[in-house]
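# Chain and residue survey
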Amino acid sequence: MMNIFSDIYSVFWLDLRNMQRHWKATIATSLVLPLLYLVAFGYGLGRGIDVDGFSYLAFVIPGIVALTAFSTSFNGASSKLQVDKMFYKSFDELLMSPVSSYAIIIGKALIGVVRGGISAIAIYLAGLALAPTLLVNTQVTLLFLLLMLLSCFVFALFGVMVALLISSHHGMSNFSTLVILPMTFLCGTFFSLNQLPSIAKVVLYFLPLTHSANLLRSTMLCLPFPWLSFAGLLIFGAIFFAGCLFALKKSSV
Amino acid sequence: MTDSIYTENLCKNYGSVKAIDNLNLSVPDGEIFGFLGPNGAGKTTTIRVLTTLTHPTSGHVSVGGYNVKYESDAVKKVIGVVQQHLSLDRDLTVRENMEFHARIQHLNSFKRKQRIAELLEYVELTEYADKMVDTLSGGMKKKAAIVCSLIHEPKLLFLDEPTVGLDAQARRRLWDFVRRLNKDGTTIFLTTHYIEEAEVLCDRVGIMHHGQLINVDTPANLREKVGSIVVETLVGNKETHYQFFVNRDAANHYVKGLPSDVKTVIIRESNLEDVFIEQTGEKVGDQ
Ligand SMILES: Nc1ncnc2c1ncn2[C@@H]1O[C@H](COP(=O)(O)OP(=O)(O)OP(=O)(O)O)[C@@H](O)[C@H]1O
Ligand SMILES: [Mg+2]
């Protein structure tokens, strides 16, 4: 049991060392888009609009935090893994070592959590600067941060799974454009699902970011805790983890 | 004496391609064994199967006395692998790469420091230890990859084309290093398409072609099998023709009897390349 924790750390250690070399550029680039969203949609467009009884700014900030957590964790976990696997073959070194599949998957996801977490917290702080009234009390803030990290972990597992399953650079960038990008806009990040026809709503409930956005928004705006979304996020986490295990098995065929 | 590597009717298919076609091989402990074959012969695929990276389509494989299918964790602890392509993390230093390998091989922090210093010294890389891998020369990168694979003192070392891209001097130094490792008790399994490497470095050589193991023996025995003297003749500008003889007298006798339109005649000792050409009808060539 001790071994799995130290193995997870060993896998994580390599990526952490790598990130330490480039951390400024890495974080800066991951912040550009969400900051632009925040300014353009929240501060620019959204002034004077109300959604679900809240100002649009208050409504959109948790959505942008969720999408930042989503895209940065996904990319953080998948991009280097994809290159290491396809191009440098250095991922094979891990597969030939006594480190277990569980430790490889979790260890590889952790770098996504770190990168997603840092960026999402930065956007959260920027959002608070624009709308200080959103800061309610420590309890809410802590719950918000915990749910945000949980989201990062689920999305990082998603990234690990996709990087392991897709075996070409083309495939990876197609996936980003066709799946990841639409998700960041559609999953209740910029608008309320209540504004949609119910069929669209049902479809969106089958996407992980919808649940993360819902959880973060409900927490930040002190709405009743959405247990369904909490369960949904956990289920997605389990599915992605199983997908990673499957992908590792498949890679040795 | 036990077998470090043992395979029985090993096959690996990729679709309709038979990358390994019914391989029966045993490599005893303590040997330097070389796999000689042209591009696409199945050398890397064999190493991938032996090192647990790829599952065989059929057949039995044991490495270090463990079944690769059922005891892969035990196999992973006794093998070191240097892949065909540099698989270090290029954005990290040599020392960091070594530390990573030491960590995933479960060395404690004391042992890690000790082994890293020891190995750096052993291959004279100490002064480059804190340089980025990307800034090293090809030969140094190779050495760095080798020391990473040795960090946990594996009993069995796999080297996939270890000297490709190295200059003649660096190649020879690497051979010395491999011999030294072997003397210290490491069994070596290497692949190459350099004839000379197979000839001077390996105790035994297996010739691989289209996934099949055509012949296995010591370099000397392989040469003897086809004939230790070869006569090359060129008629007009057509293909070179090779004829093998057990000794020089027989070769000379043959040359005297050649028709007068044969222009170029070379009499020389045979080498593994001749063995290869004789047995496969193709050149090894590293194109
Ligand atoms: N992952 C794979 N998918 C499909 N075919 C493969 C795969 N790996 C290898 N092959 C095929 O198996 C055959 C053997 O390839 P292998 O890489 O083992 O050759 P090799 O002897 O190492 O050659 P080289 O000297 O070029 O490294 C080739 O025909 C190759 O195309
Ligand atoms: Mg090869």
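Calculation notes
- Residues numbered from 1 in each chain as written.
- Chains lettered and ligands numbered in written order.
- Predicted model: local features only at pLDDT ≥ 70, side-chain atom pairs only at ≥ 80, totals over all residues.
- Helix = DSSP H or I, 4+ residues; strand = E, 2+ residues; numbered from the N terminus.
- Buried ≥ 20, exposed ≤ 12 C-beta atoms within 10 Å, placed from the backbone.
- Contact = placed C-beta atoms within 7 Å.
- Axes fitted to C-alpha atoms, helices over the stretch in contact; angles between N-to-C directions.
- Parallel < 35°, antiparallel > 145°, perpendicular 65-115°, else oblique.
- Left-handed = near helix turned anticlockwise from the far one by under 90°.
- Core = buried A, V, L, I, M, F, W, Y, C linked by C-beta atoms within 7 Å.
- Nonpolar A, V, L, I, M, F, W, Y, C, P; charged D, E, K, R; others polar.
- Near = placed C-beta within 6 Å.
- pLDDT = per-residue confidence, 0-100.
- Expected span 1.5 Å × (residues − 1).
- Pairing = 2+ DSSP bridges.
- Right-handed = clockwise from strand over helix to strand, strands pointing away.

## Notes on the overall build of chain B
- When helices and strands are counted, chain B shows ten helices and 13 strands.
- In chain B, buried positions account for 43% of the 287 residues.
- Considering only contacts within chain B whose residues lie at least 6 apart along the sequence, 67% involve residues at least 24 apart.

## Observations concerning the environment of Glu118(B)
- Mapping Glu118(B) onto the fold places it in helix 4 (residues 109–122).
- Between the alpha carbons of Glu118(B) and Val147(B) there is a distance of 9.9 Å; along the sequence they are 29 residues apart.

## Thoughts on the packing of helix 3 (residues 94–104) of chain B against helix 5 (residues 138–150) of chain B
Residues and elements named next belong to chain B.
- Running from N to C, helix 3 and helix 5 cross one another at 25°; their axes reach a closest spacing of 8 Å. Classified by the angle their axes make, helix 3 and helix 5 are roughly parallel. Remark: the crossing between helix 3 and helix 5 carries right-handed chirality. The residues of helix 5 that touch helix 3, namely those facing Val94, Asn97, Met98 and His101, are Ala144, Val147 and Cys148.

## Focus on the nonpolar core
- Grouped together as the largest cluster of nonpolar side chains are 66 residues, with contacts concentrated most on Val65(A), Ala109(A), Ala156(A), Leu157(A), Val160(A) and Leu216(A).
- Listing elements by their share of this core, those giving two or more residues are helix 1 (2–45), helix 2 (56–86), helix 3 (91–95), helix 4 (101–130), helix 5 (138–165), helix 8 (208–220) and helix 9 (227–251) of chain A together with helix 3 of chain B.
- Filtering out sequence-adjacent residues up to four positions away, Leu157(A) remains in contact with Ala109(A), Gly237(A), Phe240(A), Phe241(A) and Cys244(A).

## Observations concerning the interface of chain A and chain B
- Taken together, the 19 residues of chain A in the interface contact 22 residues of chain B.
- Considering each element in turn, the side of chain A that touches chain B owes the most residues, six residues, to helix 1 of chain A.
- Of the residues belonging to the side of chain A that touches chain B, the class tally is nine nonpolar, five polar and five charged.

## Considerations on the site of ligand 1
Residues and elements named next belong to chain B.
- Around ligand 1, a shell composed of 13 residues is seen, among which Tyr14, Ala19, Lys43, Thr44 and Thr45 lie nearest.
- Counting only elements with at least two residues in the shell around ligand 1, the list comes to strand 2 (17–28) and helix 1 (43–50).
- Sort the elements by how many residues they give to the shell around ligand 1 and helix 1 lands first, with three residues.
- Grouping the constituent residues of the shell around ligand 1 by class yields four nonpolar, eight polar and one charged.

## A closer look at the confidence of the model for chain B
Residues and elements named next belong to chain B.
- Taken over all residues, the pLDDT of chain B has a mean of 90, while the share at 70 or more is 98%.
- Ranking the elements of chain B by mean pLDDT puts helix 10 (residues 272–280) last with 80 and helix 3 first with 97.
- Here the prediction assigns the complex a pTM of 0.90, and the interface score ipTM is 0.90.

## Quick word on helix 5 of chain B
All names here are of chain B.
- Over its 13 residues, helix 5 runs 19 Å from end to end, which matches the ideal 18 Å to within 8%, given 1.5 Å per residue.
- Taken as a whole, helix 5 has its buried residues at Lys142, Lys143, Ala144, Ala145, Ile146, Val147, Cys148, Ser149 and Leu150.
- Residues of helix 5 that are buried sit in contact with strand 6 (79–82), helix 3, helix 4 and strand 7 (156–160).

## Examining the sheet that holds strand 13 (residues 262–269) of chain B
Residue and element names in this part refer to chain B.
- If you walk across this open sheet you meet the three strands as 12-11-13, and the pairing is antiparallel. Either end of the sheet is taken by a strand with one partner, and the two such strands are strand 12 (240–245) and strand 13. Each adjacent strand pair in this sheet contributes to an overall mean axis angle of 20°, direction not counted.
- By the bridge criterion, six bridges tie strand 11 (residues 229–235) to strand 12 in an arrangement that is antiparallel. The residue bridging Thr233 from the neighbouring strand is His241, located in strand 12.
- Running at roughly 15° to strand 11, helix 9 (residues 248–256) makes contact with strand 11, strand 12 and strand 13 of the sheet.

## What about unusual backbone geometry?
- The residue Asp52(A) is not glycine, and still its phi comes out positive at about 50°.
- Within the secondary structure, Asp52(A) is located in the loop between strand 1 (50–51) and strand 2 (54–55).
- A positive phi angle, near 50°, is found at Glu161(B), a position not held by glycine.
- Within the secondary structure, Glu161(B) sits in the loop between strand 7 and helix 6 (168–183).

## Quick notes on the packing of helix 2 of chain A against helix 8 of chain A
Residues and elements named next belong to chain A.
- Running from N to C, helix 2 and helix 8 point in directions that differ by 140°, and their axes come no closer than 8 Å. Between helix 2 and helix 8, the crossing angle belongs to the class labelled oblique. Crossing handedness for the pair helix 2 and helix 8: right-handed. Together, Pro62, Gly63, Val65, Ala66, Leu67, Ala69 and Phe70 of helix 2 and Leu209, Ser212, Ala213, Leu216, Arg217 and Met220 of helix 8 make up the contact between the two elements.
- Within the contact of helix 2 with helix 8, the residues separate by chemical class into ten nonpolar, two polar and one charged.

## Considering the sheet that holds strand 2 of chain B
Residue and element names in this part refer to chain B.
- In spatial order, the strands read 2-1-4-5; together these four strands make up an open sheet with antiparallel pairing. The open sheet is flanked by strand 2 and strand 5 (66–67), the only strands paired with a single partner.
- Both strand 4 (residues 58–63) and strand 5 contribute to a ladder of two bridges, which runs antiparallel. By the bridge assignment for strand 5, Val63 is matched with Tyr66.
- Contacts from helix 1 reach strand 1 (3–14), strand 2 and strand 4, with the element oriented near 60° to strand 2.

## Comments concerning helix 3 of chain B
- Within helix 3 of chain B, ten of the eleven residues are buried, leaving the element largely enclosed by the surrounding structure.
- Residues of helix 3 of chain B that are buried: Val94(B), Glu96(B), Asn97(B), Met98(B), Glu99(B), Phe100(B), His101(B), Ala102(B), Arg103(B) and Ile104(B).

## A short note on the pairing of strand 8 (residues 187–192) of chain B
Residue and element names in this part refer to chain B.
- Of all six residues making up strand 8, six are buried, and the element is well covered by its neighbours.
- By the alternation rule, side chains of strand 8 split into Thr187, Phe189 and Thr191 and Ile188, Leu190 and Thr192, which are all buried.
- Across five bridges, the pairing between strand 3 (residues 32–36) and strand 8 is parallel. Paired with Phe33 across the bridge in strand 8 is Phe189.
- With five bridges connecting them, strand 7 and strand 8 associate as parallel partners. Among the inter-strand pairings, Leu159 is bridged to a residue of strand 8, identified as Leu190.
- Where the polypeptide runs from strand 7 across helix 6 and back to strand 8, its parallel neighbour, the crossover connection is right-handed.

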